[in-house]
Every structure is written in structure tokens, then in C-alpha cells.
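What follows is each chain in one-letter form.
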Amino acid sequence: MSSQEEILRDGRFSCITRDPRFWEMPEKERKIKIDKRFRAMFHDKKFKLKYTVDKRGRPVNYTSTEDLRKFYALSESDSDLSENDSKEHTEKKIKKKKAKSKREADS
């Protein structure tokens, strides 16, 4: 980091700290806002790919949904709906598992 500080102290590069072209983009502006019509892509199986190796052949435990969450965000008005939907979605899964376990126990 000391070399970076030296560069910023240099008169030739002092304008970089004040120039908005070189500022880092805020997280809120970086992500693309999507509305409630597309919120299924965060939990739908059609959008989920599981990678076992990276592009160089090294083993990894990685899914494409992590990329989706990194690049996309639900719009402000729909974020409350998505939280409720995710809760309902997990509740439905729990109910299905309970029903399956009851059927297996009865058999």
C-alpha cells in the first residue's frame, strides 16, 4: 500500500483522487435492478448451474446463483415481496418434506 500512497502524493497523479471517472462504483448502482417478474431466477432450478471445476480445471464448489446475486438485485418496491416469497417457499418445502416423511412412516 505504501507504493500506492506514493503514487497519490506524486503531482502527476494527484488529479486521480478528485476525478469521478476513477471512483469506485457504489454497490447500489453496480447491481442491475430487476422487478418481481424475474425474481424466480434466484431460486428456480432452470437458472442454477453447479460447477465442479473452474475454467482452468481446478475443483471448485460453485453455483451460478452466486453470480446472479452478485450482479442483480430486486427493485426496492419488490424486495419486501421477495423476502415474503422466500419465507413462503421455504415453508412449502418443509411441509412437503413432512408429508413425504409421514407417507414413508405409514408404508
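This is a predicted model, so every value here is computed, not measured. (Residues numbered from 1 in each chain as written. Predicted model: local features only at pLDDT ≥ 70, side-chain atom pairs only at ≥ 80, totals over all residues. Heavy atoms only, no water.)

*Asks:* Sorry if this is basic, but what is going on with the overall build of the protein chain here?
*Replies:* A count of helices and strands for the protein chain gives four helices and four strands. In the protein chain, 50% of the contacts between residues at least 6 apart in sequence involve partners at least 24 apart. Carbon together with sulfur atoms contributes 54% to the accessible area of the protein chain, which is approximately 9900 Å² in total. (Helix = DSSP H or I, 4+ residues; strand = E, 2+ residues; numbered from the N terminus. Contact = heavy atoms within 4.5 Å. Areas by Shrake-Rupley, 256 points an atom, 1.4 Å probe, with all protein chains shown as cover.)

*Asks:* Looking at this structure, how should I read a nonpolar patch on the surface?
*Replies:* A contiguous nonpolar patch, built from Ile7, Leu8, Phe13, Ile16 and Phe22 and spanning about 420 Å² of accessible area, is present on the exposed surface. For Phe22, the position within the fold is in the loop between α1 (2–9) and α2 (27–30). (Patch = residues over 30% accessible without salt bridge, like charges linked within 9 Å, V, L, I, M, F, W, Y side chains within 5 Å. Salt bridge = Lys/Arg side-chain N within 4 Å of Asp/Glu carboxyl O.)

*Asks:* Is there a simple way to explain the confidence of the model for the protein chain in this structure?
*Replies:* Close inspection of predicted coordinates is inappropriate for parts of the model with low pLDDT. Across the protein chain, the average pLDDT comes to 77, with 73% of residues at 70 or higher. Averaged pLDDT values for the elements of the protein chain fall to 63 in helix α4 (residues 76–106) and rise to 89 in strand β1 (residues 32–34). Overall, residues 78–82 carries pLDDT values under 50, and its contacts beyond four positions in sequence, including any with other chains, amount to eight contacts. (pLDDT = per-residue confidence, 0-100.)

*Asks:* How should the environment of Phe38 be read in this particular structure?
*Replies:* Considering the arrangement of structural elements, one finds Phe38 in the loop between β1 and β2 (50–53). On the accessibility criterion, Phe38 (44% relative accessible area) is partly exposed. Through-space distance from the C-alpha of Phe38 to that of Leu74 is 8.6 Å; in sequence the pair is 36 residues apart. (Buried < 20%, exposed > 50% of the residue type's maximum accessible area, 1.4 Å probe, protein only.)

*Asks:* I keep staring at the pattern of salt bridges and nothing clicks. Help me out?
*Replies:* Between side chains of opposite charge, a pair can form as their charged atoms come close. Applying the stated rule across the entire model yields five salt bridges. A salt bridge links Glu24 to Arg30, with the nearest nitrogen and oxygen atoms 3.5 Å apart. The class for Glu24 is exposed, based on a relative accessible area of 68%. Classification of Arg30 as partly exposed rests on a relative accessible area of 39%. Residues Arg58 and Asp54 are paired through a salt bridge, measuring 3.0 Å at the closest nitrogen-oxygen approach. Arg58 gets classed as partly exposed once you look at its relative accessible area, which sits at 46%.

*Asks:* Can you help me understand the pairing of β2 in this one?
*Replies:* Looking down a regular strand, the side chains alternate between one sheet face and the other. Inspection of the sheet shows β2 paired to strand β3 (residues 59–63) by three bridges, in the antiparallel sense. Bridge pairing in β3 places Tyr51 opposite Tyr62. Between β2 and β3, which pair antiparallel one after the other, the connecting turn spans five residues, and Gly57 there sits at a positive phi close to 90 degrees. (Pairing = 2+ DSSP bridges.)

*Asks:* How should the side chain of Ser64 be read in this particular structure?
*Replies:* Residue position: Ser64 is located in helix α3 (residues 64–71). Looking at Ser64, the relative accessible area reads 9%, which means it is buried. Here the side chain of Ser64 touches Phe47 through a polar contact of 2.9 Å, landing on its backbone oxygen. Separated by 2.8 Å, the side chain of Ser64 and the backbone nitrogen of Leu49 make a polar contact. Beyond its immediate stretch of four places on either side in the chain, Ser64 contacts Phe47, Lys48, Leu49 and Tyr51. (Polar contact = N/O pair within 3.5 Å; in protein donor to acceptor, adjacent residues only side chain to side chain.)

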